[in-house]
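Each chain, letter by letter, is given below.
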Amino acid sequence: MSNLPIRIAALYQFARFADPKTLRAPLLALCEENGVRGTLLLAREGINGTIAGSDSGVEAVLDHIRTLPGCNAIEVKESRAESLPFHRTKVRLKKEIVTMGQPDLDPLAGVGTYVAPEDWNALISDPDTIVIDTRNDYEVQIGSFEGAIDPQTTSFREFPEWFRAKRAELEAEGRSPKIAMFCTGGIRCEKSTAFARAEGVENVFHLKGGILNYLEHVPEDESLWRGECFVFDERVSVGHGLVPGDHGLCRACRRPLDRDDMAHAHYVEGVSCPRCYPERSDEQRARYAERHRQAELARSRGEDHIGRREEPTTDG
């Protein structure tokens, strides 16, 4: 994969930005000047996003990000692609770089213990450990670690309530296990483990660099990962070695689709899939059909369609 022309950089850093608004324009201008596409989120708590472009273009943006307060040692998860996985460049201002709905939570004040990918198997194979997948249900459905608990959340905002209920359940059973959490790239676990510690749970761990780091560094024949990992760009999913997976994407609801989904009568490209069909009205599907038609016309002219939806953040 190293010979593929496009460099993809997934990044996040919790930091303390006094005025993120002042950081937006220079960052956006630099991305555009260097032909770098993707989405970056800025908030008082830091930066999060995924960008893609040429090696030199991406490096220019990363060099700039490293000059931001608290970002000099930012960790970046990189992969390669044949073509740009994003169609536009966005730098957005947000209240949180990953939305948990806990505004007073400060991951810089203390998170769980980081566990390297090479040590993860031993931790989650320990019968005294419970393993929690902190991602949303549509992500979990295409792959997870063997034996992991799926909270079945549709939004990360639901995680605190779920965690409190699960903790009460364990305490009622007289259990006080080690807790191991994981997510796509690590950012959600910065908050989920910080939340657990703020709730008084000390014996909490999380996978450093997330699933992507594990899939890159742990050989497939030693892996406890099952399935594929959903990613927030046009690759949709990746497997071991970060090789692009076999899933497609519903352009209406942004959920991953397997081959059976795409063969279903309710799958219409750009309009609906078996999961979102009962959730949408005929009027909504008609709007999606028109949007898809306009996108296809733009593509045939070699143009980007302005109405195209993308959510290429690292681990929202």
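Residues numbered from 1 in each chain as written. Predicted model: local features only at pLDDT ≥ 70, side-chain atom pairs only at ≥ 80, totals over all residues. Heavy atoms only, no water.

Thoughts on the layout of surface pockets
- Quantified by volume, the second largest pocket comes out at close to 420 Å³.
- In terms of lining residues, the second largest pocket is bounded by 22 residues, among which Y12, E75, Y114, E190 and K208 are the most central.
- Elements supplying a minimum of two residues to the lining of the second largest pocket: β1 (6–14), β4 (76–81), β10 (204–207) and α7 (210–217).
- When grouped by side-chain class, the residues that make up the lining of the second largest pocket number eleven nonpolar, seven polar and four charged. (1 Å grid on protein atoms, 1.4 Å probe; cavity = no way out; pocket = protein on both sides within 12 Å on 5 of 7 lines; lining within 4 Å. Points joined across faces, edges and corners; volume = space filled by probe spheres on them. Helix = DSSP H or I, 4+ residues; strand = E, 2+ residues; numbered from the N terminus. Nonpolar A, V, L, I, M, F, W, Y, C, P; charged D, E, K, R; others polar.)

Remarks on the sheet that holds β4
- In space, the five strands of this open sheet follow the order β4-β1-β3-β2-β5, with mixed pairing throughout. The open sheet has two edge strands with one neighbour each: β4 and β5 (89–93). Going across the sheet, the axis of each strand differs from the next one's by a mean of 10 degrees, ignoring polarity.
- Strand direction decides the pairing type here: strand β2 (residues 37–43) and β5, joined by five bridges, are parallel. Its bridge partner being in β5, L40 is matched across the sheet by V91.
- Contacts from helix α2 (residues 55–65) reach β1, β2, β3 (46–53) and β4 within the one sheet, and its direction differs from that of β1 by about 10 degrees.
- Docked against the sheet, helix α6 (residues 187–198) engages β1 and β3, running at close to 20 degrees with respect to β1. (Pairing = 2+ DSSP bridges. Axes fitted to C-alpha atoms, helices over the stretch in contact; angles between N-to-C directions. Contact = heavy atoms within 4.5 Å.)

Re helix α1 (residues 21–33)
- For α1, every residue scored as buried is listed here: L23, L27, L28, L30 and C31. Taken around the axis of α1, the buried residues stretch over an arc of 165 degrees, which confines them to a single face. Facing away from the buried surface of α1 by more than 90 degrees, the exposed residues are K21, T22, E32 and E33.
- On the buried face of α1, the contacting elements are β2, β3, α2 and β5.
- Of the residues one or two after α1, G35 is the one with positive phi, at around 65 degrees. (Buried < 20%, exposed > 50% of the residue type's maximum accessible area, 1.4 Å probe, protein only. Arc of directions from axis to C-beta.)

Structural notes on the environment of F205
- Here F205 lies in strand β10.
- Look at F205 and you get buried, because its relative accessible area is 17%.
- When the C-alpha atoms of F205 and G112 are compared, they prove to be 4.8 Å apart, with 93 residues separating the residues in sequence.
- Not counting chain neighbours up to four residues away, the residues in contact with F205 comprise T113, V115, L123, K178, I179, A180, M181 and T193.

Notes on the packing of helix α5 (residues 159–172) against α6
- Interhelical geometry of α5 versus α6 gives an angle of 45 degrees and a closest axis separation of 11 Å. The orientation of α5 relative to α6 falls into the category oblique. Considering how the two elements wind past one another, α5 and α6 form a crossing that is right-handed. Touching F159, P160, F163 and R164 of α5 are S192, F195 and A196, all from α6. (Parallel < 35°, antiparallel > 145°, perpendicular 65-115°, else oblique. Left-handed = near helix turned anticlockwise from the far one by under 90°.)

Comments concerning α6
- Compared with the 16 Å implied by 1.5 Å per residue over twelve residues, the 17 Å span of α6 between its first and last C-alpha is a close match.
- Counting buried residues along α6, ten of its twelve residues qualify, which places the element largely inside the surrounding structure.
- Listed in full, the buried residues belonging to α6 are I187, R188, C189, E190, K191, S192, T193, A194, F195 and A196.
- In the segment just after α6, G200 is the residue with positive phi, at about 100 degrees. (Expected span 1.5 Å × (residues − 1).)

Focus: the environment of E45
- Here E45 is to be found in the loop between β2 and β3.
- E45 sits in the buried class, given a relative accessible area of 15%.
- The sequence separation of E45 and A15 amounts to 30 residues, and the corresponding C-alpha distance is 5.3 Å.
- With near-sequence residues (within four places) excluded, E45 lies in contact with Q13, F14, A15, E96, I97, V98 and K191.

Structural notes on the pairing of β10
- Along β10, one buried face is formed by V204 and H206 and the opposite face, lined by F205 and L207, is buried too.
- Of the pairings in the sheet, the one linking strand β6 (residues 113–115) to β10 comprises three bridges and is parallel in character. Along β10, the bridge assignment pairs Y114 with H206.
- Note: strand β9 (residues 178–182) against β10, three bridges, orientation parallel. Residue M181 lies in a different strand from β10, and its bridge partner there is H206.
- Note that the unit made of β9, α6 and β10 has a crossover that is right-handed. (Right-handed = clockwise from strand over helix to strand, strands pointing away.)

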